[in-house]
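Coordinates in review
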Amino acid sequence: MSIDLAVVPVAGRGTRLLPLTKSQPKEMLAVGKEPVVQYVAEELYRCDIHRLVFVTGPGKTAIENHFDIDGELITHLRETGKEEFLQDLAFERDQLEFFYTRQRRQLGLGHAILCAQPLVDGQNFVVALGDSIIGVNGQSQIVKLMIHEFESSQADAVIAFEEVDREEVVHYGIAKPCNKTDGFFELSDLVEKPPVDEAPSQLAVAARYVFNSKIFDYLEHTEPGKNGEIQLTDAIRTLIADGGKVLGVRLPTNEKRFDIGSFERYFEAFIEFAMADPKYGPQLRKVTEKILESYI
Ligand code: UTP
C-alpha cells in the first residue's frame, strides 16, 4: 500500500512570534480565512494522506479541538438559519484519522519526530511541518510526487527544497546536490545554515519530507546540537554519509513555501492569502492601494 501516513510536528514554542504565541499555538494562527495547520491537513489529504500523527506539546490543545467534529456548532448553525456557514466546516468531513502524541520537552524537530516512532510503527511516512504551507491555500501536490518517487526509486528519504536568495541561505538547511538539480536529484550532503560564501547551493529545505523507518535509528543516535536540540538535518547527514539514498526535488516556481515562523514571513503570508481570496480579495486590494498611497 502506498504511503498514507504523515507526522505533523506542532510542539515548538514559537518564541519568534511572541506575544502572539503566548497562549495560542503558532500553528493555529490565521492566514487568510484558515488556521495554518488546516491548510497543512487539507494539502496532505489531497495528496492521499489519510492518517495524521500530530506531535503536540504544552498549550496546543486548540489544534485537537479544531479537528474535532463539532456537532453542536453544526446544529446551532442549522437552527439559527446560518446554513451558509456550514460550508466553512466542510474540512471536518475529510476522511482523515487523527492521532496525537506529546513531545514532553522541546528538544528540537528531530526529537519531535522521534516521539512519533511508536505510532509510525515501521511504516514509511511523510513529515510535514505544521507551521509551513506549500503554495497559496496549500494547493501543492509536491508530497504526492515525492511519495511516487520515493516508492519507485526505493530511496531512504526524499526532501522538498525551495530556491532562496543567496543572502537567505544562512537561515536554512541547504542542499549539496551530487550533480544536476532538475527533477529529482541525489544529495551528497545537507548543510545547516551555512555562511553565504560556503553554501553549496541556494536550495533550502522546504518543510516536506518522505522517510522510511531508518531515520529513527539515526535520530536516536544524533547528539543534541545547538541549543541542546536534536536536529533532523544532522540525522539526514549521517544517513547520507552511511550510503543512504536521499533525494531532493525543487518546489515548482509557482509554489512558494509559506513558513509563518517569523513576523516578516507571517505578515507576507497573511496578505498574500487574503488578497487571493475570491470574495474578500478584490476589496482588500483596493483598500491596500489607498493605504500604500498614504506611505508615499
Ligand atoms: P521551528 O524551527 O520554527 O521552532 O519549528 P519553534 O520552536 O516552533 O519556533 P521558535 O524558534 O521558538 O520561534 C518548526 C516546526 O517544528 C515544530 C514546530 O511546532 C514547527 O511546526 N517543532 C519544533 C516541534 O514540534 N518541536 C520542537 O522541539 C521544535
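Note that this is a predicted model, so its numbers are computed, not measured.

**As for the packing of aromatic side chains**
Overall, the coordinates contain 13 aromatic pairs when judged by the stated rule. Relative to Phe-98, the ring of Phe-67 lies with its centre 4.9 Å away and its plane at 25°, an arrangement referred to as stacked. Remark: Phe-98 occurs in strand E5 (residues 97-102) and Phe-67 occurs in helix H2 (residues 61-67); sequence separation between them is 31 residues. Classification of Phe-98 as partly exposed rests on a relative accessible area of 25%.

**Remarks on the site of the ligand**
Neighbouring the ligand are 18 residues, the closest being Gly-12, Thr-15, Arg-16, Glu-27 and Gln-103. Within the backbone of Arg-13, a nitrogen or oxygen atom sits 3.4 Å from an oxygen atom of the ligand. Interatomic distance of 2.5 Å between a side-chain N/O atom of Thr-15 and an oxygen atom of the ligand. In the complex, 83% of the free accessible area of the ligand, which totals 570 Å², lies under the protein chains.

**Describing a nonpolar patch on the surface**
A cluster of nonpolar side chains, contributed by Val-287, Ile-291 and Tyr-295, occupies part of the molecular surface with about 340 Å² of accessible area. Mapping Val-287 onto the fold places it in helix H10 (residues 281-294). Assessed through its relative accessible area of 36%, Val-287 is described here as partly exposed.

**Overview of the nonpolar core**
The biggest cluster of nonpolar side chains holds 37 residues, and the ones touching the most others in it are Leu-44, Ile-49, Leu-52, Phe-54, Val-126 and Val-210. The element contributing the most residues to this core is helix H6 (residues 142-153), with five residues. Contact partners of Phe-54, with chain neighbours within four places excluded, come to Val-8, Val-10, Val-37, Ile-63, Phe-67, Phe-98, Phe-99, Tyr-100 and Thr-101. Counting 36 residues, the second-largest nonpolar core is a separate cluster that includes Val-7, Ala-112, Cys-115 and Ile-215.

**Considerations on helix H9 (residues 263-276)**
Taking 1.5 Å as the rise per residue, H9 with 14 residues should run 20 Å; its terminal C-alpha atoms sit 20 Å apart, in good agreement. Every buried residue belonging to H9 is among Tyr-266, Ala-269, Phe-273 and Ala-274, and all of these are buried. Projected onto a plane normal to the axis of H9, the buried residues spread over an arc of 120° and lie on a single side. Of the surrounding elements, those touching the buried residues of H9 are strand E2 (30-31), helix H1 (36-46), strand E7 (132-134), strand E13 (257-259) and H10.

**Observations concerning the pattern of salt bridges**
Within the structure shown, the criterion is met by 13 salt bridges. Between Lys-144 and Asp-48 there is a salt bridge, and its shortest N-O distance comes to 3.7 Å. You can see Lys-144 sitting in helix H6 and its partner Asp-48 sitting in the loop between H1 and strand E4 (51-56), a full 96 residues away along the chain. When its relative accessible area of 34% is taken as the criterion, Lys-144 is described as partly exposed.

Rules and cut-offs
- Residues numbered from 1 in each chain as written.
- Predicted model: local features only at pLDDT ≥ 70, side-chain atom pairs only at ≥ 80, totals over all residues.
- Heavy atoms only, no water.
- Phe/Tyr/Trp six-rings, centres within 6.5 Å; stacked < 30°, edge-to-face > 60°.
- Helix = DSSP H or I, 4+ residues; strand = E, 2+ residues; numbered from the N terminus.
- Buried < 20%, exposed > 50% of the residue type's maximum accessible area, 1.4 Å probe, protein only.
- Near = heavy atom within 4 Å.
- Polar contact = N/O pair within 3.5 Å; in protein donor to acceptor, adjacent residues only side chain to side chain.
- Areas by Shrake-Rupley, 256 points an atom, 1.4 Å probe, with all protein chains shown as cover.
- Patch = residues over 30% accessible without salt bridge, like charges linked within 9 Å, V, L, I, M, F, W, Y side chains within 5 Å.
- Salt bridge = Lys/Arg side-chain N within 4 Å of Asp/Glu carboxyl O.
- Core = buried A, V, L, I, M, F, W, Y, C linked by side-chain atoms within 4.5 Å.
- Contact = heavy atoms within 4.5 Å.
- Expected span 1.5 Å × (residues − 1).
- Arc of directions from axis to C-beta.

It is worth stressing that arrangement in space is one thing and function is another; only the former is reported here.
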